[in-house]
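Structural overview for review
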Amino acid sequence: MDGAVRLDDAVRPARAPATTRPSSKTRSRIQSHVTGHAFLIGAVICFAVFSWYPMVREFIMSFQRTRRGVTTWVGWQNYERLWHDPSFAAAWRNTVTFTVLALLIGYALPFLIAVLLNELRHAQGYLRALVYLPVMLPPASALLLFRFAYDPGEGGIFNYLLHAAHLPTSQWVQSTTMTQPSLVIASTWMNVGSSILVYLAALQNIPGELYEAAELDGAGLLRRLWHVTVPQTRLILSLMFLLQVVATMQVFIEPLILAGGAGVEDSATSVVYLMYQHAFKQNDLNGAAALGVMLMVVLAGFSIAYARLSPKQD
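Residues numbered from 1 in each chain as written. Predicted model: local features only at pLDDT ≥ 70, side-chain atom pairs only at ≥ 80, totals over all residues. Heavy atoms only, no water.

1. Some details on the overall build of the chain
Filter applied, for reference: Only DSSP runs of H or I covering at least 4 residues are called helices, and only runs of E covering at least 2 are called strands; the numbering of each starts at the N terminus. This radius of gyration counts C-alpha atoms alone. The globule rule is 2.2 Å times how many residues there are, raised to the power 0.38. For every residue, the accessible area (1.4 Å probe, protein chains only) is compared with the maximum for its type, and the residue is labelled buried under 20%, exposed over 50%, or partly exposed between those bounds. Accessibility throughout is a Shrake-Rupley quantity obtained with a 1.4 Å probe, and a residue counts as covered only by protein chains that appear here. This count recognises Lys and Arg as positive and Asp and Glu as negative, with His and chain-terminal groups excluded. Charged side chains are reduced to one point each, which is NZ for Lys, CZ for Arg, CG for Asp and CD for Glu.
Helices and strands together make up the secondary structure of the chain, namely 15 helices and two strands. The C-alpha atoms of the chain give a radius of gyration of 30 Å, which is well past the 20 Å a tight globule of 314 residues would have. Projected onto its principal axes, the C-alpha positions of the chain cover 125 × 75 × 40 Å. Buried positions account for 34% of the 314 residues belonging to the chain. By element, 66% of the accessible surface of the chain is carried by carbon and sulfur atoms, the whole surface being about 20400 Å². Charged side chains in the chain number 22 positive and 18 negative. The centres of these two groups are separated by 10 Å.

2. Side note on the nonpolar core
To be explicit about the condition: Take the buried residues of types Ala, Val, Leu, Ile, Met, Phe, Trp, Tyr and Cys, join any two whose side-chain atoms come within 4.5 Å, and each joined set is a nonpolar core. Residue contacts are counted whenever heavy atoms from the two residues lie within 4.5 Å of one another.
Of all hydrophobic cores here, the largest spans 38 residues; its most connected members are W92, F111, I196, Y199, L291, M294 and L295. In terms of residue count, helix α15 (residues 285-309) provides more of this core than any other element does, six residues in total. Here M294 is in contact with Y79, L82, F88 and W92, once residues within four sequence places are set aside. V173, V184, M190 and I257 belong to the second largest nonpolar core, which has 17 residues in total.

3. A word on the side chain of T248
Selection rule: The term polar contact refers here to a pair of N or O atoms within 3.5 Å; inside protein, the definition further demands a hydrogen-donor-capable atom paired with an acceptor-capable atom, and it admits residues adjacent in sequence only when both atoms are side-chain atoms.
On the secondary structure map, T248 appears in helix α12 (residues 234-248). Of the residues examined, T248 reaches a relative accessible area of 9% and is grouped as buried. Among the polar contacts listed, one links the side chain of T248 to the backbone oxygen of Q244, at a separation of 2.7 Å. Excluding residues within four positions of it along the chain, T248 makes contact with F98, T99 and A102.

4. Structural notes on a nonpolar patch on the surface
Condition: The patches described consist of residues with a relative accessible area above 30% and no salt bridge, like charges being joined within 9 Å and nonpolar side chains (Val, Leu, Ile, Met, Phe, Trp, Tyr) within 5 Å. Salt-bridge detection follows one rule: a side-chain nitrogen of Lys or Arg within 4 Å of a carboxyl oxygen of Asp or Glu.
A contiguous nonpolar surface patch, about 480 Å² in accessible area, is contributed by L40, V44, F47, W52 and M55. Mapping F47 onto the fold places it in helix α2 (residues 24-61).

5. A few points about the packing of aromatic side chains
Both the distance between ring centres and the angle between the ring planes are used here to describe each pair of aromatic rings. Keep this limit in mind: Here a Phe, Tyr or Trp ring, Trp counted by its six-membered ring, pairs with any other such ring whose centre lies within 6.5 Å, and the pair is stacked when the planes are under 30 degrees apart, edge-to-face when over 60, and tilted otherwise.
This structure, assessed with the given rule, holds 21 aromatic pairs. An angle of 40° between the planes, with centres 5.6 Å apart, marks the rings of Y276 and F280 as tilted. Here F280 and Y276 lie together in helix α14 (residues 271-281), a separation of four residues that amounts to about one turn. Accessibility expressed as a relative area gives 26% for Y276, which makes it partly exposed. Among the aromatic residues, ring-to-ring pairing joins F146, Y150, F158, W172 and W189 into one connected group.

6. Digging into the pairing of strand β2 (residues 70-73)
Put simply, the test is: Following DSSP output, two strands are said to pair if at least two bridges run between them.
When strand β1 (residues 64-67) meets β2, the two strands line up antiparallel, connected through four bridges. Residue pairing for β2: Q64 is matched across the bridge by W73. Taking the residues that link successive antiparallel strands as the turn, the β1-β2 hairpin has two residues, and the phi of R68 there is positive, at about 55°.

7. A look at the packing of α12 against α15
Here is the rule: Fitting a line to C-alpha atoms yields each axis, with helices limited to the stretch in contact; the angle taken between N-to-C directions then spans 0 to 180 degrees. Roughly parallel means an angle under 35 degrees; roughly antiparallel, over 145; roughly perpendicular, 65 to 115; everything else is oblique. Crossing handedness is defined as follows: a turn of the near helix away from the far one that is anticlockwise and smaller than a right angle gives a left-handed crossing, while the clockwise case is right-handed. Residues were grouped as follows: Ala, Val, Leu, Ile, Met, Phe, Trp, Tyr, Cys and Pro as nonpolar; Asp, Glu, Lys and Arg as charged; and all remaining residues, including Gly, as polar.
Between α12 and α15, the shortest axis-to-axis distance is 10 Å and the interhelical angle comes to 165°. One way to sum up the angle between α12 and α15 is to call them roughly antiparallel. Of the two elements, α12 crosses α15, and the hand of that crossing is right-handed. Of α15, the residues touching α12 (which contributes S238, F241, L242, V245 and V246) are L299, F302, S303 and Y306. Residues belonging to the contact of α12 with α15 are distributed by class as follows: seven nonpolar, two polar and no charged.

8. Comments concerning the side chain of D284
Topologically, D284 is positioned in the loop between α14 and α15. Excluding its chain neighbours within four sequence positions, the residues that come into contact with D284 are R81, H278 and A279.

9. Things to note about helix α7 (residues 139-149)
Quick reminder of the rule: Of all possible arcs, the one meant is that of the directions from the helix axis to the C-beta atoms.
Among the residues making up α7, those that are buried are A142, L143, F146 and A149. Buried residues in α7, looked at end-on, bunch into an arc of 105°, giving them a common side. As for α7, its buried residues are in contact with α8 (157-164), α9 (179-203) and α13 (253-258).

10. Regarding unusual backbone geometry
Positioned with a positive phi, E265 is a non-glycine residue whose angle comes to about 55°. Take E265: it is sitting in the loop between α13 and α14. Its relative accessible area of 71% is what places E265 among the exposed residues. The residue N283 is not glycine, and still its phi comes out positive at about 55°. Within the element layout of this structure, N283 appears in the loop between α14 and α15.

11. Looking at the packing of α14 against α15
In contact at an axis separation of 7 Å, α14 and α15 are set at 160° when each is read in the N-to-C sense. When the axes of α14 and α15 are compared, the pair comes out roughly antiparallel. Both α14 and α15 take part in a crossing whose hand is left-handed. Contact residues: α14 offers V271, V272, L274, M275, H278 and A279, while α15 offers L285, A288, L291, G292 and L295. By residue class, the composition of the contact of α14 with α15 is nine nonpolar, two polar and no charged.

Here is the structure:
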């Protein structure tokens, strides 16, 4: 019997090893990776379709000319034609002027307002909602309000206030010298709220011990601002400077609504508005693409130079 039992044991096939199932922690980790990659792939597809492909297509179109459905390669002819456009120099000059004025007015002002709001201890929520209110308005609606306020007659709000204060009135967007400052004032009022909230978030991350140490050393408000606040928010200030330059160089809706597009003697024409003129008024998509490539190269060059010259953050 023992021999038979041993023989049966020898003939009986070996039992397959039990398969180990992944633990719940492993399954959760795999699921999170799959979900993350799915979101990443979706974002990459969106960028490829709506950002990268249009840029590549624009670059190709700038060296082509399309007439009656026939596309031909023309090399640098679109760029040469734009160079001799009477509005080309004015558009770049107005765009640079708008950017510089927007930085002088709209870069430091949100930071100072954020510092002031951060120092207040009462009605902070109300004041934050108040400064953010212009951002919630549709840009077209806000600019239409400014268009009525910039009325060169006595019915305009700004001229009425100037007249009531016994100050000389202005023609605002009807004047070649006041067009760009008028556009900057309206643009700053519309966009200042978002910058203030970004700065407020950065200011609230500064450790309070730094301010306490500065106060013990006898530092006043201005010294605390210069030696504590500015160094601790340098990265945000640097990033907001770059973003503001990129955004203001693409100014379009302000001259379109406030000054009718070109303004008096091309005083409001911007590069993006000139692109709009070529694309939709002159049916010159290739010229508009060439202008877009020029603007993209200028902004990319500025961004690279600024990133190289900016001090490294620890």
